[in-house]
Amino acid sequence: PFPVYARLRETEPVHFDKSVNAWILTRYADVSAVMKDRRFSSDRVTKARLRYSDKYEPVFDLLSRVMLQTDDPMHKRLRDLVHGAFTRTVVETYDGKIRALCDTLLAPGLERGEMEFVSEFAAPLPILVISEIVGIPAEEREQIKIWCDAFSTVALNFYTHLSDEQLDHCSVLIAEFTDYLKDKMAAARRKPGPDLISSLVVAADREHALDDGELIANCMFLLNAGNETTTCLLANGLGLLLGAPDQMAALRADPSLIPNAVEEFLRLQGPVQFIGRIATQDVTLGEQRVKEGEMVLPVLAAANRDPAVFERPDMLDVARDHIHQLSFGTGPHLCAGIQLARFEAKIAFERLFECTGHIELKGHGLEHTSNFNMRCLKELHVGIR
Ligand code: HEM
């Protein structure tokens, strides 16, 4: 997609696309400005739900309570709840656990001398980490994964298209997931533990800030938000390094560059390609007039390669200075899991380099998933020793 983004950025940076019925923004300045501008709403549910049958109301009620889909003052109330849960200080307390999980996932591949990095490492790691944090016991994780997949199917596709079959199937699973979380919350109220559900319940009750519907919707979202995204970051990051041996060598020589390299991976191959906002009034963007009610799509992946901001924007440079990439968004909805995602990726690449002397690409070229919003390598077969 990158040549298309570049062409749009040069010729028509604020472009109305009839096939998606939305404005496509490709300049860094516009993308960043719109995400900070409260004249653009994050509530995509209210409008989209009108297209679906009333029988799916419970699913849309739940979605409408997820912080990502709300504006102030509701957004602030929901977001305040998780504010303390993913600060850098809190996240760093998971250091030992994340390291141990990385080592467990790398061990079989190291023994065989090869691995499929996506399914054996990049996909399971984030789910294991968030399950530890939220307090999901190992034996329940397989079921949670099925429920999470149902939730993300709805959350990722409701504003384009969902069939009745999909919605019927997902509604049942989401209702089961809701009951499961209700039980968890009841247990946490009786006997709070050190897990995230306990601390969210205690905080919500103490401040009477959130009702159970809001708590459940946002717990579900937290269990999901960092999974596919972090998987893509890890997979795309290693994919980029395998295509640039000098950059891999630079990181091996100086692992203190890893956090910077992670920002560079996010800039060049960010997981979330674009996000959606709806204009709440007429707004002029560049030379165009966006009308109230219209959808705009700030393309993060295009902004991240804007030559007005980044020198040699298509080059991977793990030592690049000041990488103010937009892959976590910006403004009030800036990713709430940013510290966790960065820390997890830092440890993952550290352990990968510490446990191996050499990593090489095996098999044919690299292929990305066809999902048009989430950019991720499908598979990454590597030889490791
Ligand atoms: C929001 C990306 C990992 C939790 C966002 C947004 C982006 C994003 C672009 C803003 C969406 C918008 O403005 O509409 C990413 C990427 C990740 C990642 C690229 C990994 C590389 C995580 C993790 C968690 C998390 C690990 C937590 C466990 C959230 C939450 C929000 C959010 C709660 C909503 C914030 C709000 O609406 O105020 N993320 N994310 N994310 N992310 Fe992440």
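So, how was this worked out
- Residues numbered from 1 in each chain as written.
- Predicted model: local features only at pLDDT ≥ 70, side-chain atom pairs only at ≥ 80, totals over all residues.
- Near = placed C-beta within 6 Å.
- Helix = DSSP H or I, 4+ residues; strand = E, 2+ residues; numbered from the N terminus.
- Nonpolar A, V, L, I, M, F, W, Y, C, P; charged D, E, K, R; others polar.
- Expected span 1.5 Å × (residues − 1).
- Buried ≥ 20, exposed ≤ 12 C-beta atoms within 10 Å, placed from the backbone.
- Contact = placed C-beta atoms within 7 Å.
- Pairing = 2+ DSSP bridges.
- Axes fitted to C-alpha atoms, helices over the stretch in contact; angles between N-to-C directions.
- Left-handed = near helix turned anticlockwise from the far one by under 90°.

A. View of the site of the ligand. Taken together, 26 residues lie near the ligand, and Gly226, Gly329, His333, Cys335 and Gly337 sit nearest. At the level of elements, helix H13 (212-225), helix H14 (227-242) and helix H18 (338-355) are the ones that each hand at least two residues to the shell around the ligand. Broken down by element, the residue count for the shell around the ligand peaks at three residues, all from H14. Considering only residue class, the shell around the ligand consists of 16 nonpolar, nine polar and one charged.

B. Structural detail: helix H11 (residues 164-190). For H11, built from 27 residues, the straight-helix expectation of 39 Å at 1.5 Å per residue is met to within 8% by its first-to-last C-alpha distance of 39 Å. For H11, the complete set of buried residues consists of Leu167, Cys170, Ile174, Phe177, Thr178, Leu181, Lys184, Met185 and Ala188. Where H11 is buried, its residues touch helix H4 (57-64), helix H10 (141-157), helix H12 (196-206) and H13.

C. How the structure looks around the sheet that holds strand S9 (residues 359-361). Taken in spatial order, the three strands of this open sheet run S4-S10-S9, and their pairing is antiparallel. Each end of this open sheet is capped by a strand with a single partner; those strands are strand S4 (114-116) and S9. Adjacent strand axes in the sheet meet at a mean angle of 30 degrees when their direction is disregarded. Pairing geometry for S4 and strand S10 (residues 381-384), over three bridges, is antiparallel.

D. Region of the structure containing the sheet that holds strand S3 (residues 40-41). Pairing in this open sheet of five strands is mixed, and the strands run S1-S2-S8-S5-S3 from one edge to the other. The two strands at the open ends of the sheet, each matched to only one other strand, are strand S1 (14-17) and S3. Contacts from helix H2 (residues 28-36) reach S1, strand S2 (22-25), S3, strand S5 (277-279) and strand S8 (295-298) within the one sheet, and its direction differs from that of S8 by about 125 degrees.

E. Geometry of the packing of helix H7 (residues 95-112) against helix H9 (residues 124-134). Running from N to C, H7 and H9 cross one another at 145 degrees; their axes reach a closest spacing of 10 Å. Where H7 crosses over H9, the two elements pack in a sense that is right-handed. Every residue of H9 that contacts H7 at Lys97, Ile98, Leu101, Cys102 and Leu105 is listed here: Pro124, Leu125, Leu128, Val129 and Glu132. Taken together, the residues of the contact of H7 with H9 break down into eight nonpolar, no polar and two charged.

F. Seen up close, unusual backbone geometry. With omega at 5 degrees, the peptide bond leading from Asp72 into Pro73 counts as cis. With respect to the helices and strands, Pro73 occurs in the loop between H4 and helix H5 (74-83). In the Ramachandran plot, His322 falls in the positive-phi region, its phi being about 50 degrees despite a non-glycine side chain.

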